[in-house]
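# Chain and residue survey
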Amino acid sequence: MSAVQRASPYAIEMEVAGDQARRSGRRRHERKASRRGRHLLERNSELKNPPIRCGEEEEEDNLVIVDEDEGDKDEMRWFRRNWELAFGRSYGSFEDKTPLGPMRYTEGTIPKDACCETIVQIFSVQVTELKDGLKWPLHVYGHVAARDLMDHNRNLLFERERDNCQILSQQDSSLLLTGPSRAVVIMNPVTFGVDLKVKGETEAEDKVLSLQIFEYDRPAAYGSNAYVTHNCCSSKRSTLGFKLATLLDTVEATVVSAKVVGGSWLDHFRGRVVCRTASASKEDIVLLDSQDGRMPITADGEIELSRSVVSVELTGQLIFRVVASQMGDKTDVIDQAVAFFTPTVRGKSHGTCELGFCKLEVVVAWSLFSTMEDLRLQNRI
């Protein structure tokens, strides 16, 4: 698609929104630096001019220390206020999830402006460090989401309620991601929002694990190998690591189904289902990890995947892998199988994974992207 075709009213909105986001980011950093600066100046003044005590006429000035939790809450309130001013009228509530699903152009007529896009591949989100007295294991709930300029709404990567926490241990501290629900397109910086808490004995004893907003805008690596970045998100009680990559000229791939069509999955085997792309052949995208529980399989043999959407370069390859191991010891691998898929611009591909005890049939759907058609579907233009 030509540059002229992209110079649409929506493209202008993209640029304006991007400028607003960058200005908002600068203001957040300036306010944070200002708070820290005030704290240092007040602390330095106190050291140079100690307050008069013990009945002296002058009273001690109160030193205001900004708690990091309160600072993070202030940053989140500021981001929300700016989002509502910029996008609330057109895109609804701040908490709204993206209305765009996957496989939008897998079947039917492909829009004239449909094309491959540059996307953010999200491999994992992991708690890499605990601070402020927190100890393993953690019972974690809350959400992690990405926002791109397709609709500015939350594209959830992780979401759990307080009564359905994920238990993180020092040995296994990665969040079990359930998204994105569609590919995350990087036209302008993608905003990641984190709101995670640690469950206490009572709700009043819950603690903030991480409350952060950050932007991602890394260029893609030209060549056959993706440049995988490790992005740290540090707060008062934790450091989170986001493993991300920017991929060029991709199509959206949705694992529609993975079904046992021969034999049966044995109850005492745990299961792990992952995808990789040829450009990042050492990085797993976890679609399902049953951990120390039974493999979630329906009565008709369908494996209930936690995550299903990934992105693949049109000239690349999608690698689907299923691993069976003994319950209680994921290193004791019983068997594994791989299926390879060549991307297409539309339609579905079928593959099989042959394990010693069962056979899986895997279906992958492919789709291009169409910014203008997506806007029309949402009545934005």
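The preceding data block contains the structure.
Just so we're clear, the structure is a prediction, and the values are computed from it rather than from any experiment. (Residues numbered from 1 in each chain as written. Predicted model: local features only at pLDDT ≥ 70, side-chain atom pairs only at ≥ 80, totals over all residues. Heavy atoms only, no water.)

## Side note on the packing of aromatic side chains
For any pair of aromatic rings, geometry is given as the distance between the ring centres together with the angle between the planes. Rule in force here: Ring geometry is summarised as follows: Phe, Tyr and Trp rings, the Trp one being its six-membered ring, pair when their centres sit within 6.5 Å, and such pairs are stacked at plane angles under 30 degrees, edge-to-face over 60 and tilted between the two. We count a stretch as a helix when DSSP gives it H or I for four or more residues in a row; a strand needs E for two or more, and each element gets its number in order from the N terminus. Burial here depends on accessible area, computed with a 1.4 Å probe over protein chains only, as a share of the maximum for the residue type. Under 20% is buried, over 50% is exposed, and the range in between is partly exposed. As a reminder, the over-ring test applies to NZ of lysine and CZ of arginine, requiring each to be within 6 Å of the ring centre and within 35 degrees of the ring normal.
Summed over the entire model, instances satisfying the criterion amount to nine aromatic pairs. Between phenylalanine 79 and phenylalanine 94, the ring centres sit 5.9 Å apart and the planes meet at 70 degrees, which makes this aromatic pair edge-to-face. Of this pair, phenylalanine 79 sits in helix H3 (residues 68-91) while phenylalanine 94 sits in the loop between H3 and strand S1 (117-130), and the two are 15 residues apart along the sequence. Judged on exposure class, the residue phenylalanine 79 and its partner phenylalanine 94 are both buried. Taking 5.2 Å as the distance between ring centres and 15 degrees as the angle between the ring planes, the aromatic pair formed by phenylalanine 192 and phenylalanine 214 counts as stacked. With phenylalanine 192 in strand S6 (residues 190-198) and phenylalanine 214 in strand S7 (residues 207-216), the pair connects residues that are 22 residues apart, well separated along the chain. Arginine 147 extends its terminal NZ or CZ atom over the ring of phenylalanine 94, reaching a point 4.3 Å from the ring centre.

## Description of the nonpolar core
Put simply, the test is: Among the buried residues, those of types Ala, Val, Leu, Ile, Met, Phe, Trp, Tyr and Cys that are joined through side-chain atoms within 4.5 Å form a nonpolar core.
Formed by 46 residues in total, the largest nonpolar core has its most connected members in Trp265, Leu318 and Phe320. A per-element tally of this core places strand S9 (residues 238-263) first, with seven residues. Counting residues in each nonpolar core, the second largest holds 29 residues, with Ile122, Leu175, Val184 and Leu244 among its members.

## Comments concerning the pattern of salt bridges
Just so we agree on the cut-off: Any Lys or Arg side-chain nitrogen located within 4 Å of an Asp or Glu carboxyl oxygen qualifies as a salt bridge.
Applying the stated criterion across every chain, the model contains 16 salt bridges. The residue arginine 276 makes a salt bridge to aspartate 284 at a minimum N-O spacing of 2.5 Å. Residues glutamate 354 and lysine 359 are paired through a salt bridge, measuring 3.9 Å at the closest nitrogen-oxygen approach. Taking the relative accessible area as the measure of exposure, lysine 359 reaches 31% and is therefore partly exposed.

## Side note on the sheet that holds strand S14 (residues 329-341)
We count it as follows: Strand pairing follows a simple DSSP-based rule, namely that at least 2 bridges must link the two strands. The axes used here are C-alpha line fits, helices contributing only the stretch in contact, and every angle between their N-to-C directions lies in the interval 0 to 180 degrees.
Taken together, four strands build an open sheet; the order of strands is S11-S10-S13-S14 and the sheet is antiparallel. The sheet is open, and its two edges are formed by strand S11 (280-289) and S14, each paired on a single side. Each strand of the sheet is rotated relative to its neighbour by a mean of 30 degrees, with strand direction disregarded. The sheet contact formed by strand S10 (residues 269-277) and strand S13 (residues 318-326) spans nine bridges and is antiparallel. Opposite arginine 270, over in S13, you have serine 325 as the bridge partner.

## Overview of H3
The test is simple: In this scheme, the bend at a residue equals the angle between the axes fitted to the seven residues that finish there and the seven that begin there.
When the local axis directions of H3 are compared, the greatest deviation, roughly 50 degrees, occurs at leucine 85. Of the residues making up H3, those classed as buried are Asp69, Gly71, Asp72, Glu75, Met76, Phe79, Trp83, Phe87 and Tyr91. Glycine 92, located one to two residues past H3, shows a positive phi value of around 85 degrees.

Read these as spatial facts, not as claims about activity.
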